[in-house]
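# Architecture at a glance
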Amino acid sequence: DTAVSQTPKYLVTQMGNDKSIKCEQNLGHDTMYWYKQDSKKFLKIMFSYNNKELIINETVPNRFSPKSPDKAHLNLHINSLELGDSAVYFCASSQGPDREYSDTQYFGPGTRLTVL
Amino acid sequence: AQTVTQSQPEMSVQEAETVTLSCTYDTSENNYYLFWYKQPPSRQMILVIRQEAYKQQNATENRFSVNFQKAAKSFSLKISDSQLGDTAMYFCAFMFWNSGNTPLVFGKGTRLSVIA
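These figures come from a predicted structure and were not determined experimentally. (Residues numbered from 1 in each chain as written. Chains lettered and ligands numbered in written order. Predicted model: local features only at pLDDT ≥ 70, side-chain atom pairs only at ≥ 80, totals over all residues. Heavy atoms only, no water.)

## Observations regarding the overall build of chain A
- The secondary structure content of chain A amounts to 0 helices and 11 strands.
- Ordered by position in the sequence, the α and β elements of chain A form the string β-β-β-β-β-β-β-β-β-β-β.
- In terms of overall size, chain A behaves like a compact globule, its C-alpha atoms giving a radius of gyration of 14 Å where 116 residues would be expected to give roughly 13 Å.
- Across its three principal directions, the C-alpha atoms of chain A cover 45 × 25 × 25 Å.
- Considering chain A as a whole, with its 116 residues, one finds that 47% of them fall into the buried category.
- A fraction of 56% describes how many contacts in chain A between residues 6 or more apart in sequence connect residues 24 or more apart.
- Of the roughly 5800 Å² that chain A leaves accessible, carbon and sulfur atoms contribute 47%. (Helix = DSSP H or I, 4+ residues; strand = E, 2+ residues; numbered from the N terminus. Rg over C-alpha atoms; globule rule 2.2 N^0.38 Å. Buried < 20%, exposed > 50% of the residue type's maximum accessible area, 1.4 Å probe, protein only. Contact = heavy atoms within 4.5 Å. Areas by Shrake-Rupley, 256 points an atom, 1.4 Å probe, with all protein chains shown as cover.)

Encoded structure:
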């Protein structure tokens, strides 16, 4: 019973292509996130959604576009891929406010994106 | 803006011994949470322990405990009776609470090796 799942786990593609990473959570959480982990293992927030609404959009190139079709899904679409986009992308989710342990974020397994 | 500093890029410990990983943070906020996440070679981000800033009592989870010093803005992780399975990257993370979830701010991580 996977709590937060991502597909695909590995993605190898050529520069200039467009790709999507999908994320689904079955925890009934209200808030979902995308984080990027670079080659030095540093993790940084990209986007945050609460109940399908974008609430945080860090300084990320507009080639990256998140889409939340419903509360359980948050997909990441990347246009015109560049070499520097190579990284591990993590999806995470947490409860909405006013719920017990709503502060804790649960992570998906990550998607390793390699741009050639 | 909040920052998290982990000053030990790498550490090693003998099996069954105790090791302490350091973390300091900088914030002007009063309402926040602190976390330690573990990332083994499998890449999965696993929550190890969480601490609510308004609680003075240090959090404990089995062999893992923290030393939370709010005035000093210090949040170290102690691992007792180290096991080979504890070998992983350990990330300290900060979350500001603002009537709802905000993203995690991570330190750069400490790579821990447990030696048989």
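## Looking at the state of the cysteines
Residue and element names in this part refer to chain A.
- Summed over the entire model, instances satisfying the criterion amount to 2 disulfides over all chains.
- Each disulfide pairs two cysteine sulfurs, and for C23 the partner residue is C91, the sulfurs being separated by 1.8 Å. A torsion of -75° about the S-S bond marks the disulfide between C23 and C91 as left-handed. Pair noted here: C23 is in strand 3 (residues 19-25) and C91 is in strand 9 (residues 87-94), with a separation of 68 residues, a long-range link. (Disulfide = S-S within 2.5 Å.)

## Describing the interface of chain B and chain A
- Between chain B and chain A, the contact holds 23 residues from the first and 27 residues from the second.
- The contact between chain B and chain A buries some 2000 Å² in all, and 57% of this surface belongs to carbon and sulfur atoms.
- The tally of links from chain B across to chain A stands at 0 salt bridges.
- Taken together, chain B and chain A are joined by 10 residue pairs in polar contact (both at pLDDT 80 or more).
- Those elements that provide at least two residues to the side of chain B that touches chain A are strand 5 (32-39), strand 6 (46-52) and strand 10 (88-96) of chain B.
- Of all the elements, strand 5 of chain B adds the most residues to the side of chain B that touches chain A, at 4 residues.
- In terms of residue class, the side of chain B that touches chain A is built from 12 nonpolar, 7 polar and 4 charged. (Buried area = accessible area lost by both parts, 1.4 Å probe. Salt bridge = Lys/Arg side-chain N within 4 Å of Asp/Glu carboxyl O. Polar contact = N/O pair within 3.5 Å; in protein donor to acceptor, adjacent residues only side chain to side chain. Nonpolar A, V, L, I, M, F, W, Y, C, P; charged D, E, K, R; others polar.)

## Thoughts on the pattern of salt bridges
All names here are of chain A.
- Applying the stated criterion to the full structure yields 7 salt bridges over all chains.
- A salt bridge links R63 to E82; the shortest N-O distance between them is 3.5 Å. With R63 in the loop between strand 6 (53-57) and strand 7 (64-70) and E82 in the loop between strand 8 (73-78) and strand 9, this pair connects stretches of sequence that are 19 residues apart.
- Note that R63 is salt-bridged to D85, the shortest N-O span being 2.8 Å. With R63 in the loop between strand 6 and strand 7 and D85 in the loop between strand 8 and strand 9, this residue pair connects regions lying 22 residues apart in the sequence. Each member of the pair R63 and D85 is classed as buried.
- Linked through salt bridges whose partners overlap, the residues forming this network are R63, E82 and D85.

## Some points on the packing of aromatic side chains
- Summed over the entire model, instances satisfying the criterion amount to 16 aromatic pairs over all chains.
- With 5.5 Å between their ring centres and 40° between their planes, Y35 of chain A and F107 of chain A make a pair best called tilted. One end of the pair, Y35 of chain A, is in strand 4 (residues 31-37); the other, F107 of chain A, is in strand 10 (residues 106-107), with 72 residues separating them in the sequence. Taken individually, Y35 of chain A and F107 of chain A each receive the classification buried, so the pair is uniform in this respect.
- Considering the side-chain rings of F68 of chain B and F75 of chain B, the 6.3 Å spacing of their centres and the 85° angle between planes classify their relative orientation as edge-to-face. The pair formed by F68 of chain B and F75 of chain B is uniform in burial state, with each residue classed as buried. (Phe/Tyr/Trp six-rings, centres within 6.5 Å; stacked < 30°, edge-to-face > 60°.)

## A short note on the side chain of Q37 of chain A
- Positionally, Q37 of chain A belongs in strand 4.
- With a relative accessible area of 2%, Q37 of chain A lands in the buried category.
- With residues up to four places along the chain from it excluded, the contact list for Q37 of chain A reads F42, L43, A87, V88 and F90 of chain A together with Q39 and F91 of chain B.

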